[in-house]
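Listed below, chain by chain, are the residues.
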Amino acid sequence: MTMEETPTCWLCDRPFETQIEWHHPVPKAKKGKVKVPVHPMCHTAIHTHFTNSQLARIGEDRAALLANDALVKFVEWVKDKPPDFHAPTRTGGKGRR
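Residues numbered from 1 in each chain as written. Predicted model: local features only at pLDDT ≥ 70, side-chain atom pairs only at ≥ 80, totals over all residues. Heavy atoms only, no water.

**Considerations on the packing of helix α1 (residues 40-49) against helix α4 (residues 69-78)**
Under the convention used in this document: Working convention: axes come from line fits to C-alpha atoms, limited for helices to the stretch in contact. Angles between N-to-C directions cover 0 to 180 degrees. A run of H or I in DSSP becomes a helix once it reaches four residues, and a run of E becomes a strand once it reaches two; helices and strands are each numbered from the N terminus. In this scheme, roughly parallel covers angles under 35 degrees and roughly antiparallel covers those over 145, while 65 to 115 is roughly perpendicular and the rest are oblique. Helix crossings fall into two classes, left-handed where the near helix is turned counterclockwise from the far one by less than a right angle and right-handed where it is turned clockwise. We call two residues contacting when some pair of their heavy atoms lies within 4.5 Å. Polar here means any residue other than Ala, Val, Leu, Ile, Met, Phe, Trp, Tyr, Cys and Pro, which are nonpolar, and Asp, Glu, Lys and Arg, which are charged; Gly is therefore polar.
Remark: α1 packs on α4, axes separated minimally by 10 Å, with the N-to-C direction vectors making an angle of 165°. Relative to α4, α1 is oriented roughly antiparallel. For the pair α1 and α4, the sense of crossing is right-handed. On α4, the residues touching Met 41, Cys 42, Ala 45, Ile 46 and His 49 of α1 are Ala 70, Leu 71, Phe 74, Trp 77 and Val 78. For the contact of α1 with α4, the class distribution of residues is 9 nonpolar, 1 polar and no charged.

**Section: the packing of aromatic side chains**
Cut-off, in case you're wondering: Pairing of aromatic side chains here covers Phe, Tyr and the six-membered ring of Trp, requires ring centres within 6.5 Å, and sorts the geometry by plane angle: under 30 degrees stacked, over 60 edge-to-face, intermediate tilted. Between buried and exposed lies partly exposed: a residue is buried under 20% and exposed over 50% of the maximum accessible area for its type, with that area taken using a 1.4 Å probe on protein chains only. Look at NZ for Lys and CZ for Arg. If either is within 6 Å of the ring centre and within 35 degrees of the ring normal, a charge sits over the ring.
For the coordinates displayed, the defined rule picks out 2 aromatic pairs. For the pair Phe 74 and Trp 77, a centre-to-centre distance of 6.2 Å together with 45° between the ring planes defines the contact as tilted. Highlighted residues: Phe 74 and Trp 77, both in helix α4, separated by 3 residues, approximately one helical turn. Note on Phe 74: relative accessible area 11%, which makes it buried. Assessed through its relative accessible area of 40%, Trp 77 is described here as partly exposed. Both rings, one in Trp 77 and one in Phe 85, keep their centres 5.6 Å apart while their planes meet at 70°; by these two values the pair is edge-to-face. Taking the relative accessible area as the measure of exposure, Phe 85 reaches 26% and is therefore partly exposed. Chaining the aromatic ring pairs together yields one cluster made of Phe 74, Trp 77 and Phe 85. Just above the ring of Phe 85 sits the side chain of Lys 81; from NZ or CZ to the centre is 5.8 Å.

Listed below in structure tokens is the structure:
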């Protein structure tokens, strides 16, 4: 990515305005080093639907995350929202597929 490019969220692909968090696709607790930019709301959604062990197995495979129906539904819902849009994220059982 060049300096002229606007970064986008790793999960929902929306641009950022002021709110940005860094997600470890493989959690730090599982020795993950790579970080990807995500909206706070997207970060919460990821951790709501996946345990650290599941995330460690999935790694940087965004498509594998999007195999989760609830996460796909979330991304479809949020994709047309403004960059800094935030709403409480529903918490469901971790690891439901």
